[in-house]
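Overview (structure and organization)
The residues making up each chain are set out below.
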Amino acid sequence: MHRDQETKEHTTRVDSAPQGNVELGRLLDALPCAVVVLDAEQQVVAASPVFAGLLGYPHGLPAGLSFRDLVEAGDAGRVDDFLATGDNEITRTLCLMTREASPFGAVVRLSRLAPREAGRAAVIGVVVEHRAVAIAPIQPELPVDEAQAFARVANWEIDLSTGRILASRTWYDIWGFGPDTVVNLDAVFLQIHSEDRDLAKAAVRQTVESGAPFRFRHRIIRPDGTLRWAESAGHLEPAGSDGARKLAGVVLDITQRQAAEEALARYYDIVSASPDRIAFLERGGCLLAANAAFLTAFRQTRENAVGRPLREIEGQGPLSELVHRNLGRCLDGGHPVVDDIHEMGPDGRVRESEVRLFPHRDDQDKVTGIVLNIRDVTSVRDSERRLIQSAVVYAATSDGVLMTDAAGRIVAVNAAFSRITGYAEAEVLGRKPSLLNSQWHTKTFFARMWRRLIKQGVWEGEIWNRRKDGEIYLQKLHIRRIVDSRGTVTNFVGVFAERLAAANGPKHVEYLAHYDPLTKLPNRVLFESRLAYAMDPARRNRTPVALFLLDLDRFANINANLGHQIGDELLRAVGLRLRETIRPADTLARLSGNQFGLLLEGIQTPTEAQEIARRLRSALRAPMSVRGHQVFVTMSMGIALEACASNDVEIMVAHAATALGNVKQSGRDGFRIYAEQPGDPTTARQRLTELLRAGLEKDEYELLFQPRADLETGRWTGAEVRVRWQHPELGLVPHERLLPLIESGGMLVELGQWMLAETCSRLHDWHLRGVPIGTLVVRISEAQMTRFDLVPALERLLRANGIDAAGLELSFAESFLFKHPEQAREVFDGLHRLGVCLTLGEVGTSWLAPPVLRRLPIGRLEIHRSFVDAMPDSPDDLAVVQALIAMAQALDIDISADGVRDDRQRLLLLNIGCLQAQGDLFAPPLTASHLERCLLQASDPPPDTAIEPRPPPA
């Protein structure tokens, strides 16, 4: 019979059976033993797969078979004989026939079953429960052996008089015996695990004595040492004609089932022991299973809770509301859900819980219910909030904070650390704090520090440390040890603030307060005091004063390549050589890191100052020998003369700093004198004011646009509006020179109003013609905000030009917020209502607090160009920029930079989180026509592109 024919016959038999027979068939499919059910006429009603497999029918018995078709002719009347006796059960040895007509012996138990319906003949069940000795020699290829091997079940028979066992091949395989091994009952007992052996012997003995069947579970230790789990069952056979008593039974290999049951038991123990509340809901919302934590939380027992809806168990609580709100998403959509709820705890306090809903799927991937996992996260949420608060304090504190791991390696620093020490975070991570060591303290000092720290967990005191630029300074340091719940040291945290000096007596305090401890030169405090005294108009016989600011060029490279100790020695050597070059009455001071100040009296002309500058340069040209290294240094000098400072100390210092900045921009290793042209300032200012007003009336002013670019892609995202003045006599006056002139002439309001009107008009024209301009930025002066009705005027301009306020961005100086706090808030709120983006420019030059930014609708911060200009050579300026970027990110405010001139600055800004900037690296200020051509052609001009001059008006 072909396989297709077998399948068809099996299908026909099942389909034609009554519904009750179908249910009976499902029951037989689940049984692990061989069972066949006959009706009163001995026709096969149903059979288990194991029975069909024994006879060699892997797809089920064909339809229409009778009991006579399954046995030899000599056994065909056994069922009729059984029915004639009237017994309910009897066991007989029969000879069954396989599909290939091969006979084999089996012990068969015949049981009488009650009829299903009145009036019908009784149904007889024939159960093949045990395998007996085969009448013919057992061949390995018999289908019955194949079926038993597949099911891992085997039958056996024991002759109690001899103890000899007769069994199938699969039985030998389960116990680990060879197929030719002669096995008796004692040998079998020896293979049973010692802990199970007594149970097995007692069960067999009781069966022999009382005739009651046995069934027990045990372990088998096979000869090769492997362990199997088995379930054995047996009964006492009636004495045969020879009078011999026999035990017959079956053994089932349940090793895999035992492993699964143990895994399931472990899983149940884990779920039961979990502090999380875990439950399973069916699709209707009724509880089918729950762990102890879930039941305890709702004060329920398993008997009372299982089978009831969740709403009845909890009541109208937050959990039921969350579950029913997400039933559709979880059951129909198959999506997990995670949400938080607030519940009242046993102590009357509100607890936060995280609820996770997972769709449960069956073998057909259909969602059959929901698995609930509820976790108390009150302490976690509190910790998260405290962590956020601590992070804000950590970032905003003015004290330096340093954290190391248990081995003393730095794992975190805050912005104040970088500002005080000069080291960026990336430079110190993974290193030890000894990099700050000034070498001023003995090893005994540090040994006492660590001994106290390990013993008491805290150390506090003063310590001399070294900045990145080599400067040595005094710290007030507090170190604390951090341990975990088991007392293991996990971290050390140091908090420090810079101090002026230690109180070791009046003279020592005064010395430390006025002299640099490294070079022994006067410090900034003493230098500025002497400068103020030299410029005091009340002092008699005053002589003219010259101020020199001197910077060692690229000193940071020396520190990085040769080390801070070499850098310190170099600073001392430079100070000594400069000291030897000047007069004894002149004041030389070390102002900061690698900057010196020189104060000279009696300098009458700029020529004298130039001669001194040349002499200083010449003195530094000779190489310096520092600890075996030949070091060559150059110096940039900015010079200010008292005649240009109007007897004002601050103005004089600013003039010298400006001159020094010009030297650095020009390539360093030079000097420059800040000097104003002589003339009558009153007359010149009046004349200039007249020309400025006339220029505004004659349309001599022109807007320029400096593009703002994306630092990563270089794409232009907008432009800042600037203005220049094309005068027939004075020529072209750029933006930087024009604004101070406009301010001194009192025309800031008029010029600002003109720039706003022109910008709105230009924006309208570009939008009509499809020019992708992005956002135009207009700087608003203090006078515009305080003396001009800015909000209504801008609203009229937007309406008149029909433009979107989002295309316009107004920039205000940072100092506005502190000079006019109330007015600034009123103006900012009004502009925000119009939809205009607000930018705070020149950030970093004043004190700016995060609470102020949170109260105002500011959309962008712009870093002052002085900080960008000093990058990356100045660690102090870099630390300020990093702090500003971190603050903007924390407050979710955009940030950009002004004055980017080279690719090093671009990459550094991009790496620390600034995404947009403007400067000569991308483009100089462009005319409207030039900018329009670049945007329409989608090609950015090179940084050195010349600005198109506009011819003077006719």
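Residues numbered from 1 in each chain as written. Predicted model: local features only at pLDDT ≥ 70, side-chain atom pairs only at ≥ 80, totals over all residues. Heavy atoms only, no water.

**Side note on the overall build of the protein chain**
This is how it is decided: The helix count covers DSSP runs of H or I at least four residues long, the strand count covers runs of E at least two residues long, and both are numbered beginning at the N terminus. Using a 1.4 Å probe, the Shrake-Rupley method yields the accessible areas, and only the shown protein chains count as cover for residues.
Across its full length, the protein chain carries 36 helices and 36 strands. Counting every atom, the protein chain has about 48500 Å² of accessible surface; 52% of that belongs to carbon and sulfur.

**Some words on the sheet that holds strand E12 (residues 287-290)**
Short version of the rule: By this definition, two strands are paired if DSSP reports at least two bridges between them. All axes are obtained by fitting lines to C-alpha atoms, using only the stretch in contact for helices, and the reported angles, taken between N-to-C directions, cover 0 to 180 degrees. Between two residues, a contact is recorded if the distance between any of their heavy atoms is within 4.5 Å.
One open sheet accounts for five strands, arranged E12-E11-E15-E14-E13; its pairing is antiparallel. Strands at the two margins of the open sheet, each flanked by one partner only, are E12 and strand E13 (337-344). Between one strand and the next, the sheet's axes are offset by a mean angle of 25 degrees, whatever the strand orientation. As judged from the eight bridges shared by E13 and strand E14 (residues 350-361), these two strands associate in the antiparallel manner. Across the sheet, residue Asp340 finds its bridge partner in E14, namely Glu354. Across the face of the sheet, helix H13 (residues 318-325) comes into contact with strand E11 (277-282), E13, E14 and strand E15 (367-376) while running at roughly 160 degrees to E13.

**Side note on unusual backbone geometry**
Even without being glycine, Asp669 reaches a positive phi, approximately 55 degrees. In this fold, Asp669 is placed in the loop between helix H24 (649-665) and strand E27 (671-674). The backbone of Asp892 shows a phi angle near 60 degrees, a positive value even though the residue is not glycine.

**Remarks on the confidence of the model for the protein chain**
For clarity, the cut-off: Note on scores: pLDDT gives the predictor's confidence for each residue, bounded by 0 and 100.
On average, the protein chain scores 79 in pLDDT, and the residues at 70 or more come to 82%. In the predicted structure, residues 501-508 sits below a pLDDT of 50 and forms nine contacts with residues beyond four places in sequence or in another chain. Confidence drops under a pLDDT of 50 for residues 677-684, and excluding neighbours within four residues, the segment shows zero contacts in the predicted structure.

**Concerning the nonpolar core**
For clarity, the cut-off: Only buried residues count toward a nonpolar core. Its members are Ala, Val, Leu, Ile, Met, Phe, Trp, Tyr and Cys residues joined through side-chain atoms within 4.5 Å. Only protein chains enter the area calculation, which uses a 1.4 Å probe; residues under 20% of their type maximum are buried, those over 50% are exposed, and those in between are partly exposed.
Membership of the largest hydrophobic core comes to 83 residues, with the highest contact counts inside it found for Leu810, Phe812 and Leu861. Per-element tally for this core: the top contributor is helix H27 (residues 748-768), with nine residues. For Leu861, the residues in contact, after removing those within four places along its chain, are Leu840, Val843, Leu853, Met887, Ala888, Ile893, Asp894, Ile895 and Ser896. Within the second largest apolar cluster, 33 residues are counted, among which are Leu616, Met624, Val631 and Met637.

**Examining the sheet that holds strand E26 (residues 635-641)**
Spatially, the five strands line up as an open sheet ordered E22-E23-E21-E26-E27, and their pairing is mixed. Of all strands in the sheet, those bounded by a partner on one side alone are strand E22 (587-592) and E27. The average undirected angle you get between the axes of adjacent strands in this sheet is 20 degrees. Packing of helix H23 (residues 606-621) onto the sheet brings it into contact with strand E21 (545-552), strand E23 (595-601), E26 and E27, and relative to E26 it is tilted by some 160 degrees.

**Points about the environment of Leu711**
In this fold, Leu711 is placed in the loop between strand E28 (701-710) and strand E29 (716-727). Overall, Leu711 belongs to the buried group, its relative accessible area being 1%. Along the sequence, Leu711 and Arg906 sit 195 residues apart, while their C-alpha atoms lie 6.4 Å from each other. Each residue touching Leu711, except ones within four places of it in the same chain, is listed here: Arg906, Leu909, Leu910, Cys914, Leu915, Gln916, Ala917 and Phe922.

**Some remarks on the pairing of strand E9 (residues 227-237)**
Buried residues dominate E9, accounting for 10 of its 11 residues. In the sheet, strand E8 (residues 214-221) pairs with E9 via eight bridges, with the strands oriented antiparallel. Pairing of Ile220 across the sheet is with Arg228, part of E9. In textbook terms, the turn of a hairpin is the stretch between consecutive antiparallel strands, and for E8 and E9 this stretch comprises five residues, one of which, Gly225, has a positive phi near 95 degrees. With eight bridges connecting them, E9 and strand E10 (residues 246-253) associate as antiparallel partners. Considered in E10, the bridge of Ala233 is made with Val250.

**Observations concerning the pairing of E14**
Following E13, the chain reverses through five residues before pairing antiparallel with E14; Gly348 in that reversal takes a positive phi of roughly 85 degrees. Inspection of the sheet shows E14 paired to E15 by nine bridges, in the antiparallel sense. Within E15, the residue paired with Val355 across the bridge is Ile374.

**Brief notes about the side chain of Glu314**
Defined as follows: By the counting rule applied here, Lys and Arg register as positive and Asp and Glu as negative, while His and the ends of each chain are not counted. What counts as a salt bridge is simple: a side-chain nitrogen of Lys or Arg found within 4 Å of a carboxyl oxygen of Asp or Glu. Residues adjacent in sequence count toward polar contacts only when both atoms are side-chain atoms; beyond that, a polar contact is any pair of N or O atoms within 3.5 Å, and within protein one must be able to donate a hydrogen and the other to accept it.
Following the sequence through the fold, Glu314 ends up in helix H12 (residues 310-314). Arg277 is the oppositely charged side chain nearest to the buried, salt-bridge-free Glu314, at an N-O distance of 6.6 Å. Of note is the side chain of Glu314, whose polar atom sits 3.2 Å from the backbone nitrogen of Leu319. Within the structure, Glu314 has its side chain in polar contact with the side chain of Ser320 (distance 2.5 Å). Not counting residues up to four positions away in its chain, the partners in contact with Glu314 are Phe298, Leu319, Ser320 and Glu343.

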